[in-house]
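Each chain is listed here by its residues.
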Amino acid sequence: MNRNFTYSALVLRTKNSGESNRNVWFLTAEEGIIQATVYGGPKSKLRAHVSPFNRGILYVYFDQMRSSRKVTDFDVRFWHPGLRELYERSSAASAVAGTVLASHGGGGNWESAFTVAGNTLNALDAAESSACISILLHFLWNWTDILGLRPGINRCDSCNCEFLQEQSGWYSGSEGILCPSCAGQEAYGRQKDRAPESDGMLLLGPGARRWLSTVQDLPAAVLPRYTLDKPSLRQVKNFLSAILSSAFGTQLNVWDGLL
Ligand SMILES: [Zn+2]
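Along every chain, residues carry numbers that run from 1 in the direction the sequence is written. Under the rules for a predicted model, residues below a pLDDT of 70 receive no local features and side-chain atom pairs below 80 are neither given nor counted, while totals for whole chains, interfaces and linings still include all residues. Only heavy atoms go into the side-chain values, all of them from the structure, while hydrogens and water stay out.

Another point: the coordination of the zinc ion. Nitrogen, oxygen and sulfur within 2.8 Å of a metal are treated as its donors, or within 3.2 Å for sodium, potassium and calcium (Na, K, Ca); water is not counted, so a site can appear incomplete. Donor atoms from the polypeptide that bind the zinc ion are C156 (SG), C159 (SG), C179 (SG) and C182 (SG), placed at 2.3 to 2.4 Å. Any coordination sphere not matching a tetrahedral pattern (four donors, all angles between 85 and 135 degrees) or a square planar or octahedral pattern (four or six donors, opposite donors over 155 degrees apart, other angles between 65 and 115) is reported as irregular. In this structure, the zinc ion is coordinated by four donor atoms arranged in tetrahedral fashion, with angles at the metal of 104 to 115°. Written as a sequence motif, the donor arrangement for the zinc ion is C-x2-C-x19-C-x2-C. One end of the pair, C156, is in the loop between α4 (132-146) and β6 (169-172); the other, C182, is in the loop between β7 (176-178) and α5 (195-198), and 26 residues separate them in sequence. A 1.4 Å probe rolled over the protein chains alone gives each residue an accessible area, and that area as a share of the maximum for its type sets the label: buried under 20%, exposed over 50%, partly exposed in between. Given a relative accessible area of 2%, C156 falls into the buried group. The exposure class of C182 is partly exposed, given its relative accessible area of 28%. Note on conventions: DSSP H or I runs of at least 4 residues are helices, E runs of at least 2 residues are strands, and numbering of each starts at the N terminus.

Shown next as structure tokens:
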């Protein structure tokens, strides 16, 4: 029986175990998240290779008796040295890794999950500090799709009307995206940014909807060309945070200060 396995893998998290070993969580294109142990002290070359956000070909030995995996080699293809150079890059990269871990690697769509996470880290590696947040939001938006949670944003989930280009939508976790009239906005007159939010609904204005529709099929590397004004940025953050927090049952710590 074959007990040696090869994966396309990305290091999500490492945790020292005992004096010289390290537990590692990988996202793999073949099996989603796997945990494996690296044996060897701080000076081991393998240990240096198996560092967060490195991506490459992973070789693992599976010990059937102990039901545990041992890393036998890791051929790193992407090092992402730039992620350590800027705080904005590293905190966005940690948010990506934490989100992947919280959703168990993408719920079955492992190959797409691996591609999306890898492309996001590549883009962050070279990003200006101001672009890191849009790269993270782009990742989270694509991640809602990988998890099968992405709501349509151009049509009302209640009356099915199609939004006009300059119209706002309202999001509620229980009802989806609603047009202003279904959201009950008209009852509040023209104070459109205020009333429904107090009923637990989140505003998704035309700028935020346009950005989400435009970037969803674009590669992360071109995002700096698609800027978001401040209110739209806030709306996109609230919207994505609401969708994912409700799926995870909590607001993730790795999003602190970002969403
Ligand atoms: Zn409607």
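Attention now moves to the packing of α4 against helix α7 (residues 230-248). Closest axis-to-axis distance for the α4/α7 pair is 10 Å, and the angle between their directions is 35°. The way α4 lies across α7 gives a crossing that is left-handed. Across from I133, L137, L140, W141, W143 and T144 in α4, the residues of α7 making contact are L233, V236, K237, F239, L240, I243 and L244. Split by residue class, the contact of α4 with α7 holds eleven nonpolar, one polar and one charged. Convention adopted: a line fitted to C-alpha atoms gives each axis, helices being fitted over their contacting stretch, and angles between N-to-C directions are expressed from 0 to 180 degrees. Left-handed describes a crossing in which the near helix is turned anticlockwise from the far one by less than a right angle; the clockwise case is right-handed. Should any heavy atoms of two residues lie within 4.5 Å, those residues are considered in contact. Any residue that is not Ala, Val, Leu, Ile, Met, Phe, Trp, Tyr, Cys, Pro, Asp, Glu, Lys or Arg is counted as polar, Gly included; the first ten are nonpolar and the last four charged.

Before going further, it helps to examine helix α3 (residues 110-125). Across its 16 residues, α3 extends 22 Å between first and last C-alpha, which sits within 8% of the 22 Å expected from 1.5 Å per residue. What α3 keeps buried is the set A113, F114, V116, A117, G118, T120, L121, A123, L124 and D125. Taken together, the buried residues of α3 touch β1 (4-17), β2 (21-28), β4 (55-63), α2 (87-102) and α4. To estimate how far a helix should reach, multiply one less than its number of residues by 1.5 Å.

What follows concerns the nonpolar core. Here the nonpolar core consists of buried residues drawn from Ala, Val, Leu, Ile, Met, Phe, Trp, Tyr and Cys, with membership extended through side-chain atoms lying within 4.5 Å. Of all hydrophobic cores here, the largest spans 60 residues; its most connected members are F139 and F239. Top contributing element to this core by residue count: α4, with nine residues. Setting aside its immediate chain neighbours within four residues, F239 contacts W141, P151, I153, Y171, I177, L202, L204 and L212. Listed in part, the 15 residues of the second largest apolar core include F26, A36, L46 and L58.

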